[in-house]
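Chain residues, written in single-letter form:
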Amino acid sequence: MTYEDYKQNLYLELGRQLDGTDKKLLVIGEGTANEEIAVEISGESESMCSQSLSLWHLYNQYCRYKMPNQADRICDYFDRVRLIKKIEQLDNVTIWAANLERSAKKLEENETPYVAVGDIAVYFKFYDEVYEVSKEDGEVWPYDYIRPVCNKHLEQWGLTAQELFDKAKHFDVGERLQTVLDASKDAVHRVLGSYEELLPDTYGIYSITGENGIGMMFYPDGLSQVAHQLGGDLFVMPILNDHILVCSKNEYNLEKLQEVVEMKRQEDKLYGLIPLHVSDMVYQFDAHNLTLQPATEQREKKMKHTAR
């Protein structure tokens, strides 16, 4: 069963199980590589929402359950709810990334604001992490509540999508969106597989993963720390929706990196991973100006300037 077929079958089964209740199914980030589902409960005065679940994660789990059984487990998970107004706060806004060509239409249909950066649509979600204590052992566990940022929120704040992007990329989200920086050769191999052999040396390449997928590449403070370690500007390669690879611009060849990215895209297509594929480009991070853009655009600007 393909990912798209699975989603439609799941929606039908969840609709059947939620029928007659006060819960309404919500798809968050629809059309992107980070689609999630949750439920809303409309009250007379205040509305609630549940925690969300990754659709791709559920798709990977499907082989272990029959559809009605999986939907039943999902509905049980949706019993944990929180007031929507406590989640939809400006300082809870986080940055996410989607393939621009595949996702723009659906983002616009859902009135979800976004900013185009290269071949990526940068969009936003409210991400609120609530810590609760287990009654059994007193251990504290985080529970994430995620909501889509919509055009109505921009109107409420008096901001454009670009202005929200400029604000959000400097928010302190370190405690809410954990990122893992790994310079080990094993980490790079897990991302590139056999394609790492196309590069002369992968010891200078860092793998970065984050809870908001490759959206973490748009937080300049994080990339600035890596740039400081590597001594200058970076090449940034978005790999699938949850991994980026970064390396020193001075140590690696752009054409070779772009070749690796393209070959990974072909492999993703072969193995049905295109829903998770976000970008076909290598990006460049300017360590001085703290800016990120497609590396080819930066090179073309430099060539034009030299020609003058």
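Up top you'll find the structure we're talking about.
All residue numbers refer to position in the chain's written sequence, counted from 1. Residue-level local features of this predicted model are given only where pLDDT is at least 70; pairs of side-chain atoms are given and counted only at 80 or more, and the full residue set underlies all totals for whole chains, interfaces and linings. The basis for the side-chain values is all heavy atoms of the structure; hydrogens and waters are excluded.

**A word on the side chain of Asn 92**
Inclusion rule: What counts as a helix is a DSSP run of H or I of at least four residues, what counts as a strand is a run of E of at least two, and both are numbered from the N terminus. Three exposure classes are used, based on accessible area relative to the maximum for each residue type with a 1.4 Å probe and protein chains only: buried under 20%, partly exposed in between, and exposed over 50%. Whenever a nitrogen or oxygen atom comes within 3.5 Å of another N or O atom, the pair is scored as a polar contact, on the condition that within protein one atom can donate a hydrogen and the other can accept it, and that pairs from neighbouring residues in sequence are kept only if both atoms are in side chains.
Along the chain, the position of Asn 92 falls in the loop between helix 4 (84-87) and strand 6 (93-99). Here Asn 92 falls in the buried class, since its relative accessible area comes to 8%. Of note is the side chain of Asn 92, whose polar atom sits 3.0 Å from the backbone oxygen of Ile 87.

**So, the environment of Thr 94**
Take Thr 94: it is sitting in strand 6. Assessed through its relative accessible area of 0%, Thr 94 is described here as buried. Considered as a pair, Thr 94 and Gln 70 are 24 residues apart in the sequence and their alpha carbons are 29 Å apart.

**What about helix 8 (residues 185-192)?**
Rules: What the arc describes is the spread of directions from the helix axis to the C-beta atoms. The contact criterion used throughout is that any non-hydrogen atoms of two residues lie within 4.5 Å.
Of all the positions in helix 8, only Ala 187, Val 188, Val 191 and Leu 192 are classed as buried. Buried residues in helix 8, looked at end-on, bunch into an arc of 120°, giving them a common side. Turned more than 90 degrees off the buried face of helix 8, the exposed positions are Asp 186 and Arg 190. Where the residues of helix 8 are buried, they touch strand 10 (179-182), strand 11 (205-210), strand 12 (234-239), strand 13 (243-248) and helix 10 (254-270). Just beyond helix 8, the residue with positive phi is Gly 193, at close to 60°.

**Structural notes on the packing of aromatic side chains**
Any two aromatic rings considered together are summarised by their centre-to-centre distance and by the angle between their planes. The following threshold applies: Only Phe, Tyr and Trp rings are paired, with Trp represented by its six-membered ring, and only when their centres lie within 6.5 Å; those with planes under 30 degrees apart are stacked, over 60 edge-to-face, the remainder tilted. Only lysine NZ and arginine CZ atoms are considered, and such an atom sits over a ring when it is within 6 Å of the ring centre and within 35 degrees of the ring normal.
With the rule as written, the count across this model stands at eight aromatic pairs. Geometrically, the ring pair formed by Tyr 6 and Tyr 59 is tilted, given 5.5 Å between the ring centres and 50° between the ring planes. Within this pair, whereas Tyr 6 is found in helix 1 (residues 3-18), its partner Tyr 59 is found in helix 2 (residues 55-61), the two being separated by 53 residues in sequence. Take Tyr 59: its relative accessible area is 22%, and that puts it in the partly exposed class. Centre to centre, the rings of Tyr 6 and Tyr 62 are 5.3 Å apart; their planes meet at 55°, and the pair counts as tilted. Of the two residues, Tyr 6 sits in helix 1 while Tyr 62 sits in the loop between helix 2 and helix 3 (67-77), which places them 56 residues apart along the sequence. According to the relative accessible area criterion, Tyr 62 is partly exposed, its value standing at 22%. An aromatic cluster of three or more residues is present, and its members are Tyr 3, Tyr 6, Trp 56, Tyr 59 and Tyr 62. Above the plane of the ring of Trp 96 lies Lys 125, whose end atom (NZ or CZ) is 4.0 Å from the centre.

**What to know about helix 3**
Taken together, the buried positions of helix 3 are occupied by Met 67, Gln 70, Ala 71, Ile 74 and Cys 75. Each buried residue of helix 3 lies within a common arc of 140° when the element is viewed along its axis, so the set occupies one face.

**Comments concerning the sheet that holds strand 11**
What counts is decided by this rule: When DSSP finds two or more bridges between two strands, those strands count as paired. Here, axes are lines fitted to C-alpha atoms. For helices the fit covers the stretch in contact, and angles between N-to-C directions go from 0 to 180 degrees.
In spatial order, the strands read 10-11-13-12-14-15; together these six strands make up an open sheet with antiparallel pairing. Either end of the sheet is taken by a strand with one partner, and the two such strands are strand 10 and strand 15 (291-294). Strand-to-strand twist across the sheet, computed as the mean angle between neighbouring axes with direction ignored, equals 25°. One ladder, built from six bridges, connects strand 12 with strand 13; its direction is antiparallel. Within strand 13, the residue paired with Met 237 across the bridge is Leu 245. Contacts between helix 10 and the sheet are confined to strand 12 and strand 13, with strand 12 contributing the most and set at about 5° to the helix.

**Notes on the pairing of strand 2 (residues 36-41)**
Counting buried residues in strand 2 gives six out of six residues, a clear majority hidden from the surface. Bridging between strand 2 and strand 4 (residues 53-54) involves two bridges; their strand directions are antiparallel. Bridging across to strand 4, Glu 36 finds its partner in Ser 54. Here strand 2 runs beside strand 3 (residues 48-50); their pairing, made up of two bridges, is antiparallel. What sits directly across from Ile 41, in strand 3, is Met 48. Count of turn residues in the strand 2/strand 3 antiparallel hairpin: six residues.

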